[in-house]
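The residues making up each chain are set out below.
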Amino acid sequence: MRIAVAKEIEVGERRVALIPDIVARLVKQGLEIWVETGAGERSFFSDSAYEAAGAKIIADPATLWGETDILLKVSPPQEREDGRSEIEFLKQGAVLISFLNPLGNPLVVQKLANRQVTALSMELIPRTTRAQSMDALSSQASLAGYKSVLIAAAALPKYFPMLTTAAGTIAPAKVFIMGAGVAGLQAIATARRLGAVVEAFDIRPAVKEEVQSLGAKFVEVKLEEDTVAAGGYAKEISEASKQRTQEVVTEHIKNADVVITTAQVPGKKAPLLVTEEMVRQMKPGSVIVDLAAEQGGNCACTDPGKDIVWNGVTIIGPINLPSSMPVHASQLYAKNLTSLMQLLINKDKALQVNFADDIVEAACVTHAGEIRNQRVSDALTALNTQQSPVS
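Residues numbered from 1 in each chain as written. Predicted model: local features only at pLDDT ≥ 70, side-chain atom pairs only at ≥ 80, totals over all residues. Heavy atoms only, no water.

K.L.:
Run through the overall build of the chain, naming residues and quoting values.
P.N.:
Counting secondary structure elements, the chain contains 12 helices and 17 strands. A compact globule built from 391 residues would reach a C-alpha radius of gyration of about 21 Å, and the chain, at 22 Å, matches this within 12%. In terms of overall dimensions, the chain has C-alpha extents of about 65 × 60 × 40 Å along its principal axes. Buried residues in the chain amount to 49% of all 391 residues. Considering only contacts in the chain between residues 6 or more positions apart, those separated by 24 or more positions represent 66%. Here the chain has roughly 17700 Å² of accessible surface; of this, 51% comes from carbon and sulfur atoms. Counting 39 positive and 44 negative side-chain charges, the chain places the averaged centre of each group 4 Å from the other. (Helix = DSSP H or I, 4+ residues; strand = E, 2+ residues; numbered from the N terminus. Rg over C-alpha atoms; globule rule 2.2 N^0.38 Å. Buried < 20%, exposed > 50% of the residue type's maximum accessible area, 1.4 Å probe, protein only. Contact = heavy atoms within 4.5 Å. Areas by Shrake-Rupley, 256 points an atom, 1.4 Å probe, with all protein chains shown as cover. Lys, Arg positive; Asp, Glu negative; His and termini not counted. Charge placed at Lys NZ, Arg CZ, Asp CG, Glu CD.)

Right under this line is the structure:
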């Protein structure tokens, strides 16, 4: 059984799929590990560290991709500078495990199916107790939530904590966090550690206790519809509910020094939570950190990947925040991958894709030339319909 770790070529991606400590454990289990030259450089893991762990360093990406049984990546396969797709390097029957953005970019999934690749998408790991150790979305969202508060604290022209000094008392910063998923909860915890007064909002009433347990005040909005989707994610709500929500949160946004937004819907544009009018009512010097920037943003003024000042408010739209902490991001992601691989490798160290396992069934998007996930198939059909010429 040969497992390969590819070097990421996506611009700005600093993470690596396996770290040397995890490689050493896999080698002890009798698995052969190949690592592409320089794969861990941007995560501060050297080729020599991988070699010391028992990995074989491979300079030619075509060899690494083409002769492996399981290929591990962070970001989806890309087009290379020479015009070739990384997918073209994969041999038929190989297994690819990576973030694939299958609902947002189903064409990649179609190419993998055409290549007869068995592809498992880390975005589709179910939110169940058994799958917790494999849940890469959660492990990476936690990093994003933490870093978002540090970014906000650095940009805010005020202290976060309350301070009593000889020159007077400094009031604590007021932080309002929109969305109490993994990223939001970590943001709450981090902002509280820095001494801020924290409020949090989520359309899911079930998270109220979690928010309060971290020392934040929960802003509740009574809605007359179900707000929880499969797997515990927040559900897209009706326009009437969105209007009701905006009415309630407007006052909290107005009074906040920092607003951190985290709401995302897989495969869709991020919901609008902060309108231009809300930003206009905020105090000059206030800060918004929009963690949904990559999906269009929760704030109407967000410019993805940029920091802007709009009507005196600094609006930050970071892209791929987990990649800015590549050491621990890679460590956590590597653990997620190895936990998942335990379901794919039997005791004889042979590949075994068992669709009777609910985790494998949920995560596997392509196998034997077919797209197995219905939502991805629907997304592909919708995309093809949009691109078809009107008769």
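K.L.:
Summarise the packing of helix H5 (residues 136-155) against helix H10 (residues 326-341); cite the residues concerned and give the values.
P.N.:
To characterise two packed helices, one gives the angle between the axes of the helices and the distance between these axes. At a minimum axis distance of 9 Å, the contact between H5 and H10 shows a crossing angle of 165 degrees. Compared by their axis directions, H5 and H10 come out roughly antiparallel. The two elements H5 and H10 meet at a crossing, and its hand is right-handed. Counting all contacts with H5, which are made through Ala136, Ser139, Gln140 and Leu143, the residues of H10 involved are His328, Ala329, Leu332, Tyr333 and Asn336. (Axes fitted to C-alpha atoms, helices over the stretch in contact; angles between N-to-C directions. Parallel < 35°, antiparallel > 145°, perpendicular 65-115°, else oblique. Left-handed = near helix turned anticlockwise from the far one by under 90°.)

K.L.:
How would you sum up the nonpolar core? Please name residues and give values.
P.N.:
Within the largest apolar cluster, 40 residues are counted, with the highest numbers of intra-cluster contacts made by Leu72, Ile97 and Met122. Mapped by element, the contributors of at least two residues to this core are strand S1 (2-5), helix H1 (20-28), strand S2 (32-36), strand S4 (70-72), strand S5 (95-98), H10 and helix H11 (358-363). With 5 residues, H10 is the largest single contributor of residues to this core. If we skip the residues at most four places from it in the chain, leucine 72 touches Ile3, Ala4, Val5, Ala6, Ala17, Leu18, Ile97, Leu337 and Met341. Counting 29 residues, the second-largest nonpolar core is a separate cluster that includes Ala144, Ile188, Ala196 and Ile260. (Core = buried A, V, L, I, M, F, W, Y, C linked by side-chain atoms within 4.5 Å.)

K.L.:
Explain the sheet that holds strand S12 (residues 258-261) to me, using residue names and the numbers behind them.
P.N.:
Reading across from one edge, S11-S10-S9-S12-S13-S15-S14 is the order of the 7 strands in this open sheet, with mixed pairing throughout. Only two strands of the sheet have a single neighbouring strand rather than two, namely strand S11 (217-219) and strand S14 (307-310). Taken over all neighbouring pairs, the strand axes of this sheet differ in orientation by 20 degrees on average, direction set aside. Where H5 meets the sheet, its contacts fall on S12, strand S13 (287-290) and strand S15 (313-316), and the angle it forms with S13 comes to roughly 155 degrees. (Pairing = 2+ DSSP bridges.)

K.L.:
So what's going on with the side chain of serine 323? Which residues, and what values?
P.N.:
Within the secondary structure, serine 323 is located in the loop between S15 and H10. Serine 323 gets classed as buried once you look at its relative accessible area, which sits at 2%.

K.L.:
Would you mind going over the environment of alanine 113 in detail, with residue names and values included?
P.N.:
Relative to the assigned elements, alanine 113 resides in helix H4 (residues 106-114). Note on alanine 113: relative accessible area 1%, which makes it buried. C-alpha of alanine 113 to C-alpha of glutamate 370: the two residues are 257 residues apart in sequence and 5.5 Å apart in space. When near neighbours in sequence (up to four residues on either side) are disregarded, alanine 113 contacts Thr366, Gly369, Glu370 and Ile371.

K.L.:
Before we move on, could you go through the packing of aromatic side chains and cite the residues and values that matter?
P.N.:
The geometry of an aromatic ring pair is captured by two quantities: the separation of the ring centres and the angle between the planes. Under the counting rule described, the total for this entry stands at 1 aromatic pair. Taking the ring centre of phenylalanine 355 as reference, the NZ or CZ of arginine 372 above it sits at 3.6 Å. (Phe/Tyr/Trp six-rings, centres within 6.5 Å; stacked < 30°, edge-to-face > 60°. Lys NZ or Arg CZ within 6 Å of the ring centre and 35° of its normal.)

K.L.:
Give a detailed account of the pattern of salt bridges, specifying residues and quantitative values.
P.N.:
Following the criterion strictly, the structure yields 18 salt bridges and no others. Between arginine 204 and aspartate 202 there is a salt bridge; the shortest N-O distance is 2.9 Å. Among the residues examined, arginine 204 registers a relative accessible area of 10% and is labelled buried. Between lysine 306 and aspartate 303 there is a salt bridge, with its nearest N and O atoms 3.9 Å apart. Classification of lysine 306 by relative accessible area gives partly exposed; the value is 48%. Linked through salt bridges whose partners overlap, the residues forming this network are Arg130, Asp357 and Asp358. (Salt bridge = Lys/Arg side-chain N within 4 Å of Asp/Glu carboxyl O.)

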